[in-house]
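A closer look at the structure
Residue strings, one per chain:
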Amino acid sequence: MARRGLRKMRTGLVILVLLVVVGGGGYIGWVLVQRSEAVSLPTPTGKLQVGRQTFEWTDKARKDPYVAGPRRLAVWVWYPVAKGVSGRKAAYAPGQWSGLREKAPFSILQSPFDSVRDPALDHAEVAPGRFPVVVLLPGEGLSAPMYATLAENLASHGYVVAGVTPTYSAKLTVLGGQTIESMPAAVPPKPEDNSPGGLQTGDHLVGTWAADARFAAAEVAKEFPDSVDPDFGPSYVGHSFGGAAALEACRTDARCAAAVDVDGRQFGEVLKKGVQAPIMLLGADDSCMTSICGPDAKSDTDRARALSLLKASTNTSWCATVPGTRHLNFTDYGTYYLALPLRKRLALGTVDPRHALTVQNGYLTTFLSHALRNTPAPGAPACAS
């Protein structure tokens, strides 16, 4: 009887293993079919089409703090293109930039970048007229190309958007045909790192990112002299640590027209000295960076920093939380095909990902238009301070 029971147990285990193997193989096969299908970035909501060019700029006046020589930056520029213009569509993340995808083994669970359809036109002629500049800064570890949805929407509303990838801070950038990875000394603290060392690193590094942003603002005006409107100073927009850098760049740029911090804990001198231009703080449901904690926040440690910023700032400030969001809902991750368990591993909330991007873009375009052109104010409350 014992042998018979043991035999049945072994048979059951074999059947279970076979079911797991067959079921797992079937799921992977289904994922491979799904990820091969094209996905499109959201259509920009403005009246203009969008063009894109990429540049490598060297700030000869500034020594790179991490390597010998001047500071070098990869900058992607999105800009308005007149309706009716046709041309070749830009590749979403061409060449070595495709390395921005998730690494193995999770890469099999994400759509390849060559299946992402981008509405931007490659090297199209800039639309007639002059347009304000927006400098866009990415979050910790990410790169500017992963914010195409945000950048293209702004460009369609009449802005020249310079997306900066901070060299040695991003997990990957491409300069001179070479991929450059991050260096430990240049990596911002993670959002959950509240250690004294992490906060000190952030306070120091935010100055480097802010200097990158100010340099890009000046350089894009030189690159597009007939298209940048000299009557407007630059605006700075950033996500995560890039949001903190956007505020610091605005503080240190006397011509700054506005700044937006998207779900980024604040760092640097801006906490004590504030910003003199209009600002917007846009947070996720699990964040306290607007000075009011979202419903899913597990700690209020960032609230004091936001309150310090707001008390020191002298212009109008708006704060809003996008319901159902987490940290990565403000990036192009909301447009990729992401299968389980990768999707659960990433900081994405319960909201429909494309709806979150629509809400974010609505806030940004309304706020910047109000700050620069005195159109109606955004439908968000003034920040509590």
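Residues numbered from 1 in each chain as written. Predicted model: local features only at pLDDT ≥ 70, side-chain atom pairs only at ≥ 80, totals over all residues. Heavy atoms only, no water.

1. Comments concerning the overall build of the protein chain
Formally: Secondary structure elements are defined from DSSP: runs of H or I of at least 4 residues count as helices, runs of E of at least 2 residues count as strands, and each element is numbered from the N terminus. With C-alpha atoms as the basis for the radius of gyration, the globule rule is written as 2.2 Å multiplied by the number of residues raised to the power 0.38. For every residue, the accessible area obtained with a 1.4 Å probe (protein chains only) is divided by the maximum for its type, and the residue is called buried under 20%, exposed over 50%, and partly exposed between those limits. By the convention used here, residues are in contact when the closest approach between their heavy atoms is within 4.5 Å. In short, Shrake-Rupley with a 1.4 Å probe defines the accessible areas, and a residue's cover is counted only from the protein chains shown. Asp and Glu count as negative and Lys and Arg as positive, but His and the ends of the chain are not part of the count. Where a charge lies is defined by one atom per residue type, namely NZ (Lys), CZ (Arg), CG (Asp) and CD (Glu).
Of the regular secondary structure elements, the protein chain holds eight helices and 13 strands. Whereas a compact globule of 385 residues would reach a radius of gyration of roughly 21 Å, the protein chain reaches 23 Å, a difference of no more than 12%. Seen through its C-alpha atoms, the protein chain measures out along the principal axes to roughly 90 × 50 × 45 Å. Out of the 385 residues in the protein chain, the part that is buried amounts to 56%. In the protein chain, once contacts between residues fewer than 6 apart in sequence are set aside, the share between residues at least 24 apart is 71%. As displayed, the protein chain has an accessible area near 16,900 Å², and 56% of this comes from carbon and sulfur atoms. Charge centroids of the protein chain, computed over 39 positive and 33 negative side chains, lie 9 Å from each other.

2. A look at the state of the cysteines
We apply this condition: Cysteine sulfur atoms that pair up within 2.5 Å are treated as a disulfide.
Within this structure, the stated rule accounts for three disulfides. Between the sulfur of cysteine 250 and that of cysteine 256 lies a disulfide, 2.0 Å long from S to S. For the disulfide bridge between cysteine 250 and cysteine 256, the dihedral angle about the S-S bond is near -95°, and by the sign convention the bridge is left-handed. A residue is classified by how much of its surface remains accessible, and cysteine 250, at 4% relative accessible area, is buried. Linked covalently through their sulfurs, cysteine 319 and cysteine 383 form a disulfide whose S-S length is 1.9 Å.

3. Observations regarding the packing of helix H3 (residues 196–223) against helix H4 (residues 241–252)
Selection criterion: Think of each axis as a best-fit line through the C-alpha atoms, taken over the contacting stretch in the case of a helix, with angles from 0 to 180 degrees between the N-to-C directions. Angles below 35 degrees are treated as roughly parallel, those above 145 as roughly antiparallel, those between 65 and 115 as roughly perpendicular, and all remaining angles as oblique. With the far helix as reference, a near helix turned anticlockwise by less than a right angle produces a left-handed crossing, and one turned clockwise produces a right-handed crossing. Following the grouping adopted for this structure description, the nonpolar residues are Ala, Val, Leu, Ile, Met, Phe, Trp, Tyr, Cys and Pro, the charged ones are Asp, Glu, Lys and Arg, and the polar ones are all others, Gly among them.
One way to put it is that H3 packs onto H4 with a least axis distance of 8 Å and a crossing angle of 65°. In terms of orientation, H3 and H4 fall into the roughly perpendicular class. Considering the relative orientation of H3 and H4, their crossing is right-handed. Side by side, H3 and H4 meet where Gly202, Leu205, Val206, Trp209, Ala210, Ala213 and Arg214 of the first sit next to Phe241, Gly242, Ala244, Ala245, Glu248, Ala249 and Thr252 of the second. When the residues that make up the contact of H3 with H4 are grouped by side-chain class, the tally is nine nonpolar, three polar and two charged.

4. Some words on the confidence of the model for the protein chain
To keep it simple, the criterion reads: Each residue carries a pLDDT score, the predictor's confidence in it, ranging from 0 to 100.
Averaged over all residues, the pLDDT of the protein chain is 91; the fraction at 70 or higher stands at 90%. When the criterion is pLDDT under 50, residues 14–24 qualifies, and its contacts beyond four places in sequence or with other chains add up to one contact.

5. Let's talk about the side chain of aspartate 59
Mapped onto the fold, aspartate 59 is located in strand E2 (residues 49–63). Under the relative-accessibility criterion, aspartate 59 is labelled buried at 11%. Among residues more than four places away in sequence, those in contact with aspartate 59 are Pro70, Arg71 and Phe215.

6. Some details on the nonpolar core
What counts, and what does not: To define a nonpolar core, start from buried Ala, Val, Leu, Ile, Met, Phe, Trp, Tyr and Cys residues and group those joined through side-chain atoms within 4.5 Å.
Residues Val77, Tyr92, Tyr236, Tyr333 and Leu368 are the most contacted members of the largest nonpolar core, which totals 113 residues. A total of 10 residues in this core trace back to one element, the largest contributor, which is H3.

7. Describing the sheet that holds strand E12 (residues 279–283)
The line we're drawing: Pairing between two strands requires that DSSP report at least two bridges joining them.
Sheet architecture is open: nine strands sit in the order E5-E2-E3-E7-E6-E10-E11-E12-E13, paired in mixed fashion. The open sheet terminates on both sides in strands that have one partner only, identified here as strand E5 (121–122) and strand E13 (317–321). Bridge count between E2 and strand E3 (residues 70–81): 12 bridges; the pairing is antiparallel. Among the inter-strand pairings, glutamate 56 is bridged to a residue of E3, identified as alanine 74. Against the sheet, helix H2 (residues 148–156) contacts E2, E3, strand E6 (133–137) and strand E7 (160–165), and its axis sits at roughly 50° relative to E3. The strands touched by helix H6 (residues 303–312) within the sheet are E12 and E13, with E12 carrying the most contacts at an inclination of about 165°.

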